[in-house]
Amino acid sequence: MTKIKTQYNRRSFIKVSTAAGGGMLIGFSWLNACKPNAPEPEPGVAVPNEWFEINGYIKIGDTGMVTIYSPNPEIGQNVKTSMPMIVAEELDVPWENVVVEQAPLNTGWYQNQFAGGSLSIRLSWNALRMAGATGRRMLLEAAAKEWGLTLADVTASEGTIKEINGERTISYGEIASKAVGIEVPEEVDLKEVKDFKLIGTSQKNVEGKNIITGAPLFGLDFKREGMQLAMIQHPPAFGMKVKDFNEDEIKSMPGVKDAFIVDTSFEGGGGFDEKGFLQLIAVVGDSTWELMQAKKAIKANWETVGELENSQMHIDKLEKALVSGEVEDSRRDGNPEAAFKNAAKVIERTYSAPFIAHNTLEPMNFFAHVTDTGVELIGPTQTPEALEGSVSKLLNVPIENITVNMTRIGGGFGRRLYVHFGVEAAAISKKIGAPVKLIYSREDDMTQGTYRPTYRSIYKAGLDENNNLIAFSVKGAGLPEGPVFPNRFPAGAVENYSAEKIKASTNVTTGAWRAPRSNFTAGAEQSFLDEVAEMAGKDPIDFRLELFERAINNPVGAEHDYEAERYAGVLKLVKEKANWGEDKPGVHRGVAAYFCHSTYVAEIFDMVMENGEPKIDKVWCAADCGIVVNKDSAKNILEGGVIDGIGHAMYSQLTFKDGSPEQMNFDSYQLIRHSQAPKEIETFFVENEIAPTGLGEPGLPPAMGALANALFKATGQRHYHQPFTIEKQVVG
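Treat the numbers as computed from the prediction; the structure is a model and nothing was measured.

About the criteria used
- The residue numbering used here restarts from 1 in each chain and proceeds along that chain's sequence as written.
- For this predicted model, a pLDDT threshold of at least 70 governs which residues receive local features, and a threshold of 80 or more governs which side-chain atom pairs are given and counted, while totals over whole chains, interfaces and linings are taken from all residues.
- The basis for every side-chain value is the complete set of heavy atoms in the structure, and neither hydrogens nor water enter the calculation.
- Helix and strand definitions here come from DSSP, where helices need a minimum of 4 consecutive H or I residues and strands a minimum of 2 consecutive E residues; each element is numbered from the N-terminal end.
- Think of it in three bands: residues with accessible area under 20% of the maximum for their type are buried, residues over 50% are exposed, and the middle band is partly exposed, with areas taken using a 1.4 Å probe on protein chains only.
- Only heavy atoms matter for contacts: two residues are in contact if any of them lie within 4.5 Å across the pair.
- Orientation is described by axes fitted as lines to C-alpha atoms, over the contacting stretch for helices, and by angles from 0 to 180 degrees between their N-to-C directions.
- Angles are sorted into four bins: roughly parallel if under 35 degrees, roughly antiparallel if over 145, roughly perpendicular if 65 to 115, and oblique for all others.
- Throughout, a crossing is termed right-handed when the near helix is turned clockwise from the far one, and left-handed when it is turned anticlockwise from it by less than a right angle.
- Basically, the charged four are Asp, Glu, Lys and Arg, the nonpolar ten are Ala, Val, Leu, Ile, Met, Phe, Trp, Tyr, Cys and Pro, and anything else, Gly included, counts as polar.
- Only buried Ala, Val, Leu, Ile, Met, Phe, Trp, Tyr and Cys residues count toward a nonpolar core, and they belong to the same one when joined by side-chain atoms within 4.5 Å.
- Between N or O atoms, a polar contact is any pair within 3.5 Å; within protein, one atom must be a potential hydrogen donor and the other a potential acceptor, and residues adjacent in sequence are included only when both atoms are from side chains.
- Think of pLDDT as the predictor's per-residue confidence, scored from 0 to 100.
- Pairing between strands requires that DSSP locate at least two bridges from one strand to the other.
- Helix span is expected to be 1.5 Å times the residue number reduced by one.
- Only Phe, Tyr and Trp rings take part, Trp by its six-membered ring, and two of them pair if their centres are within 6.5 Å. Stacked means planes under 30 degrees apart, edge-to-face means over 60, and tilted covers everything else.
- A ring has a charge above it when a Lys NZ or an Arg CZ is no more than 6 Å from the ring centre and no more than 35 degrees off the ring normal.
- We define a salt bridge as a side-chain nitrogen of Lys or Arg found within 4 Å of a carboxyl oxygen belonging to Asp or Glu.
- Note on disulfides: each one is a pair of cysteine sulfur atoms within 2.5 Å.

(A) Fine view of the overall build of the protein. Counting secondary structure elements, the protein contains 17 helices and 31 strands. Taken over 732 residues, the protein has a buried fraction of 58%. Restricting the contact set of the protein to residue pairs at least 6 apart, pairs at least 24 apart contribute 77%.

(B) A look at the packing of helix 15 (residues 631–651) against helix 16 (residues 701–715). At a minimum axis distance of 8 Å, the contact between helix 15 and helix 16 shows a crossing angle of 60°. Classified by the angle their axes make, helix 15 and helix 16 are oblique. For the crossing formed where helix 15 meets helix 16, the hand is right-handed. Across from Val642, Gly645, Ile646, His648, Ala649 and Met650 in helix 15, the residues of helix 16 making contact are Ala703, Met704, Leu707 and Leu711. Taken together, the residues of the contact of helix 15 with helix 16 break down into eight nonpolar, two polar and no charged.

(C) Seen up close, the nonpolar core. The biggest cluster of nonpolar side chains holds 70 residues, and the ones touching the most others in it are Leu377, Val391, Ile428, Phe605 and Leu707. Looking at this core, the element that brings in the most residues is helix 16, giving eight residues. Residue contacts for Val391: discarding those within four places in its chain leaves Val375, Leu377, Asn396, Ile402, Gly422, Val423 and Ala426. Core analysis: the next-biggest nonpolar cluster, separate from the first, contains 54 residues, Val494, Ala524, Leu545 and Ala602 among them.

(D) Quick look at the environment of Tyr440. Here Tyr440 is to be found in the loop between strand 22 (436–439) and helix 11 (442–446). For Tyr440, a relative accessible area of 2% translates into the label buried. For the pair formed by Tyr440 and Ala230, sequence separation is 210 residues and the distance between their alpha carbons is 8.7 Å. Aside from chain neighbours lying at most four places away, what touches Tyr440 is Met231, Ile232, Pro363, Met364, Arg415, His420, Phe421, Glu424, Asp445 and Gln448. Polar contacts involving the side chain of Tyr440 include one to the side chain of His420, which spans 3.1 Å.

(E) Molecular detail of the confidence of the model for the protein. Of all residues in the protein, 90% attain a pLDDT of 70 or more, and the chain-wide mean is 90. Considering only residues more than four positions removed or in separate chains, one finds that residues 7–41, a stretch of pLDDT under 50, has 156 contacts. For the stretch residues 50–57, pLDDT sits under 50, and the model shows 35 contacts to residues farther than four places along the chain or on other chains.

(F) Molecular detail of the sheet that holds strand 27 (residues 599–610). Read from one edge of the open sheet, four strands run 26-27-28-31, paired in mixed fashion. Of all strands in the sheet, those bounded by a partner on one side alone are strand 26 (588–596) and strand 31 (681–685). For this sheet, the mean inter-axis angle between neighbouring strands, taken without regard to orientation, is 20°. Where strand 26 lies against strand 27, nine bridges are found, and the strand directions are antiparallel.

(G) Focus on helix 16. Taking 1.5 Å of rise per residue, the 15 residues of helix 16 would be expected to cover 21 Å, and the 22 Å separating its terminal C-alpha atoms lies within 8% of that figure. In terms of residue burial, helix 16 counts as a mostly covered element, since 13 of its 15 residues are buried. Immediately beyond the C-terminal end of helix 16, within one or two residues, lies Gly716, with a positive phi of roughly 85°.

(H) Fine view of the sheet that holds strand 20 (residues 375–379). Judged by pairing direction, the sheet is mixed, and its seven strands sit side by side in the order 14-15-12-22-19-20-21 without closing on themselves. Each of the sheet's edge strands pairs with one partner strand only, and the pair in question is strand 14 (256–263) and strand 21 (402–406). Here the strands of the sheet are splayed against their neighbours by 25° on average, with no regard to which way each runs. Of the pairings in the sheet, the one linking strand 19 (residues 365–370) to strand 20 comprises four bridges and is antiparallel in character. Looking at the pairing, Ala368 lines up with Leu377 of strand 20. Contacting strand 14, strand 19, strand 20 and strand 21, helix 9 (residues 384–395) runs over the sheet at an angle of about 145° to strand 21.

(I) Here's a closer look at the packing of aromatic side chains. Overall, the coordinates contain 26 aromatic pairs when judged by the stated rule. Through successive ring pairs, a cluster of aromatic residues spans Tyr351, Tyr459, Phe472, Tyr497, Phe528 and Tyr720. Over the ring of Trp513 we find Arg452, and its NZ or CZ is 5.8 Å from the ring centre. One Lys or Arg, Lys460, reaches over the ring of Phe340 and ends 4.5 Å from the middle of that ring.

(J) Seen up close, the side chain of Asn246. Looking at the element boundaries, Asn246 is found in the loop between strand 13 (240–245) and helix 5 (247–251). Within the structure, Asn246 has its side chain in polar contact with the side chain of Glu249 (distance 2.9 Å). Within the structure, Asn246 has its side chain in polar contact with the backbone oxygen of Ala297 (distance 3.1 Å). Among all residues touching Asn246, those that are not within four sequence positions of it are Ala297, Ile298 and Lys299.

(K) Unusual backbone geometry, seen in detail. A cis geometry characterises the amide bond from Leu479 onward to Pro480, with omega recorded as 5°. Here Pro480 is to be found in the loop between strand 24 (469–479) and strand 25 (496–503). Along the chain, Gln722 connects to Pro723 via a cis peptide bond; the corresponding omega equals -5°. Topologically, Pro723 is positioned in the loop between helix 16 and helix 17 (724–731). The backbone of Ser118 sits at a positive phi, close to 55°, despite the residue not being glycine. The residue Ser118 is located in the loop between strand 7 (98–102) and helix 2 (120–147) in this model.

(L) Molecular detail of helix 12 (residues 518–536). An ideal rise of 1.5 Å per residue puts 27 Å on 19 residues; helix 12 measures up with 26 Å between its terminal C-alpha atoms. By the criterion of burial, helix 12 is predominantly enclosed, with 17 of the 19 residues buried. Of the residues trailing helix 12, Gly537 is marked for its positive phi of about 70°.

(M) Region of the structure containing the pattern of salt bridges. All chains considered together, the criterion is met by 43 salt bridges. One salt bridge connects Lys80 with Glu207, and the closest N-O pair in it is separated by 2.6 Å. A residue pair is termed long-range when its members are at least 10 positions apart, and Lys80 in helix 1 (residues 79–91) and Glu207 in the loop between strand 11 (187–190) and helix 4 (208–212) qualify at 127 residues. Residue Lys80 is classed as buried on the basis of its relative accessible area of 2%. On the basis of relative accessible area, Glu207 is assigned to the buried category, the value being 2%. Its salt-bridge partner being Glu247, residue Lys251 comes within 2.9 Å of it at the nearest N-O pair.

(N) Quick look at the state of the cysteines. Taken as a whole, this structure holds zero disulfides when the rule is applied. The thiol of Cys625 is unpaired, and the distance to the nearest cysteine sulfur, on Cys621, comes to 9.9 Å.

(O) Looking closely at the environment of Trp513. Position of Trp513 among the secondary structure elements: in the loop between strand 25 and helix 12. Among residues more than four places away in sequence, those in contact with Trp513 are Ile356, Ala357, His358, Phe413, Arg452, Asn519, His648 and Leu700. Side-chain polar atoms of Trp513 contact the backbone oxygen of Ala357, separated by 3.4 Å.

(P) Representation of the side chain of Ser633 within the structure. With respect to the helices, strands and loops of the structure, Ser633 is situated in helix 15. Once residues within four sequence positions are removed from consideration, Ser633 is found in contact with Gln77, Asn78 and Ser82.

Spelled out as structure tokens, the structure:
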């Protein structure tokens, strides 16, 4: 067994205290999540008479029922099921005896309290296992003491302890009250991976029934007696601010209780704070309909304070940056210029992608109640601790007087990393002296910013007379951050290599969008590699595998970010599963592979032509994300990433005129439809014993490249500029 210390970041990981009903409470030193909102339990044992609720704890009731508090905000990635599975595995308790709840933010107890970067499982793997294993160990010690035996004389499984050389057994519930006096061990044994019984199985979403029956789980569902509603109007363009508006007229409208300008600026803002629209018109009233009518009646004087940008300006800025922009990061191996000069064949291509919005299904919303004694915040946020800190600075309220409870999130994709809507709710509540729920319209959200940046990259490759890749360069610019990862593939696989990440300025506010930067770079890079393989007269997969062989056996440069064996492994797996190379009449195939968030994913798209239009018949997807905790969840999240990647590469874009986004709702901003999704997606996972890595984002980036490569095979047209449907119209 693997031994692990029961300390975590210099904090005591486990605390024990007496529970109501004789249960045992096991505290996580960093666990976090949401306000308890559990369904009626359907456990395999009777419900205890009392539950003693403490933030961030495992609870074992006197009947043997276990409550496990899930640690991270739930944004649809299913961590509210997968994380408790990890605890239950090491605790060795039947899954049917587990009730899952979520706990509120508690910065005194918890760490890593966010959902982003595909980090939830990766960062918590050891801590969650430790919690379960420590609970199991203490129950074993309590039973051994009760029977006058040593720890070596007892064993536990499925919520029951038994003596190894005897007949006595006792359930966790029966011994839980005795375990509270047991001293926490300095280290505990973790299970060997081969002994897992729950991890690696398929378990249904613990909130599945509540979701499909419409139970109130989301921020938009939240209600509080005496709560007022609020909506906002921000300036119509980036580079503008509000001067004044017809305040008295708006206040006199039906259902409107107040209207005013609210200022959310403060000193010391962080990376998750609003940078663009800090002064807003707020309208408070009884119903969203009445507030929407009031918004339509607003006549504001907007003041121009910055450049009013348009889409052609954005293109010009990116092109200029690629020539003379500020390099943020770079890498250089060998002598690329000399290699290109001596190459037998050279190919150069330019790729671009527009600004795009997150468009989460659940509208942006947050509840706030500011009083003389503190602040209560409730709603859907990926970064509760950042929200707490920003509200503290804005209102000059000590953090210890602020509480943040998290609801289930109806879509994040990075949008709810940013805390401005919670900050705005707090500012409005402070102004009106009452609890309020702020609600954005779709137009409010799509025009507010925090978009995926717009990018432009130039790729260049050189082959020798034997069609070997001898030179490779990429330089990419973004508004504001460049998209290039200098140390990712093919760094380490090409003798002469250069990469430059370049930034350029804009006053359009941007932010993380699912698989930041990778969502563009994977598509561009993998499309380009297919063209290079074609120029070399090589099969696209074989060409990539040759490069990985070089990175494995004779790597170039001091380091690179990926493990070439694992990268090649997913390509080989998807090649095998899809029978790549098999003659399939009428089927046009594209492939791509990419590494991000410590995970490797390869995809093959099978495309057919129907009535002259390309349709995706099937997607084959192979992933190496280490140990898979919940196979159902892992499969679903890869499928969602594939569809998301297809939709945004094909259809979505934001364009600008005089600082204003021209697309404000789904009548002009296209998302993928059911009929445009693949008919089938089949997923495969590399089996190994590596600790889990990210999975929420890595399925999306290669989809864009595989899509572009399949489209070329089906239509004969290469795609360089997203969205592909617009490029098709322009080129065709």
